[in-house]
Amino acid sequence: KNEVEQSPQNLTAQEGEFITINCSYSVGISALHWLQQHPGGGIVSLFMLSSGKKKHGRLIATINIQEKHSSLHITASHPRDSAVYICAVWVNTDKLIFGTGTRLQVFP
Amino acid sequence: DVKVTQSSRYLVKRTGEKVFLECVQDMDHENMFWYRQDPGLGLRLIYFSYDVKMKEKGDIPEGYSVSREKKERFSLILESASTNQTSMYLCASSASIGVPAGYTFGSGTRLTVV
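Residues numbered from 1 in each chain as written. Chains lettered and ligands numbered in written order. Predicted model: local features only at pLDDT ≥ 70, side-chain atom pairs only at ≥ 80, totals over all residues. Heavy atoms only, no water.

This next bit is on the nonpolar core. Ranked by internal contacts, the top residues of the largest apolar core, which has 26 residues, are Leu32, Trp34, Phe47, Leu72, Tyr85 and Val89 of chain A. Residue assignment for this core shows that the elements contributing at least two residues are strand 3 (19–25), strand 4 (31–37), strand 5 (43–49), strand 7 (59–64), strand 8 (69–74), strand 9 (83–91) and strand 11 (102–107) of chain A. Here this core takes 5 residues from strand 9 of chain A, the largest share from any one element. With near-sequence residues (within four places) excluded, leucine 72 of chain A lies in contact with Ile19, Thr20, Ile21, Trp34, Leu46, Phe47, Ile60, Ala61 and Tyr85 of chain A. Listed in part, the 21 residues of the second largest apolar core include Leu21, Tyr64, Phe74 and Tyr89 of chain B. (Core = buried A, V, L, I, M, F, W, Y, C linked by side-chain atoms within 4.5 Å. Buried < 20%, exposed > 50% of the residue type's maximum accessible area, 1.4 Å probe, protein only. Helix = DSSP H or I, 4+ residues; strand = E, 2+ residues; numbered from the N terminus. Contact = heavy atoms within 4.5 Å.)

Structural data, given as structure tokens:
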């Protein structure tokens, strides 16, 4: 069993829909990272958080340390949000464990 | 704009060739990492380096070596390429040691070994 599980693996949506991507982990962590990977490969950091909630534009990330769960929300989704979203957790501050990613496609 | 630059986006090499993947960062970061990414497996750490001339094995170092002669450059070497090393290779760097720190990733090199 992977230490970091994401769901769903694939997600399609219509433009404007509210989107939620989930990340559950089974290890103790010091922080969690949400990353975005566009077609072509480059990965961009979206959020790093260790408690509560962070917001940047239409993106919101939440984390519940007790439940070992994080969610990434996208409000008013747009085709340019189509990408793979990756959850990664910091273990002992120096080891990053990645989930396998959620592929999102937003159609106009 | 800070950057991690990987020298090639796409590479095709023959089985048995020695392959060099280059990564350069312009942020004066101490830490540099090489990952490979395969469908259904996520990113897996091959090697990392905390300082010039230092290297540490990651989770899947077999068949790979690395070189860090200068702080800004971290090279991944496939001594004798094999078809099971066909993958997307991603380089990353980060500033801090001992605390979670944001990573900056390169654009990736898609390597095909035939």
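Residue and element names in this part refer to chain A. Here histidine 33 shows up in strand 4. The class of histidine 33 is buried, set by a relative accessible area of 0%. Here the side chain of histidine 33 touches serine 45 through a polar contact of 2.8 Å, side chain to side chain. (Polar contact = N/O pair within 3.5 Å; in protein donor to acceptor, adjacent residues only side chain to side chain.)

Sizing a probe to match a water molecule and rolling it over the atoms shows the empty space that remains. By volume, the largest pocket is sized at about 580 Å³. Considering the residues around the largest pocket, the lining is formed by 24 residues, among which Gln37, Val84 and Arg103 of chain A together with Gln37 and Pro39 of chain B are closest to the centre. When contributions to the lining of the largest pocket are tallied by element, the ones reaching two or more residues are strand 9 and strand 11 of chain A together with strand 5 (31–38) and strand 10 (87–94) of chain B. For the lining of the largest pocket, the leading source of residues is strand 11 of chain A, giving 4 residues. Taken as a whole, the second largest pocket encloses approximately 340 Å³ of empty space. The wall of the second largest pocket is formed by 17 residues, among which Ile97 and Phe98 of chain A together with Leu41, Leu43 and Arg44 of chain B lie closest to the centre. Contributing elements (two or more residues each) for the lining of the second largest pocket: strand 10 (95–98) of chain A together with strand 6 (42–49) of chain B. (1 Å grid on protein atoms, 1.4 Å probe; cavity = no way out; pocket = protein on both sides within 12 Å on 5 of 7 lines; lining within 4 Å. Points joined across faces, edges and corners; volume = space filled by probe spheres on them.)

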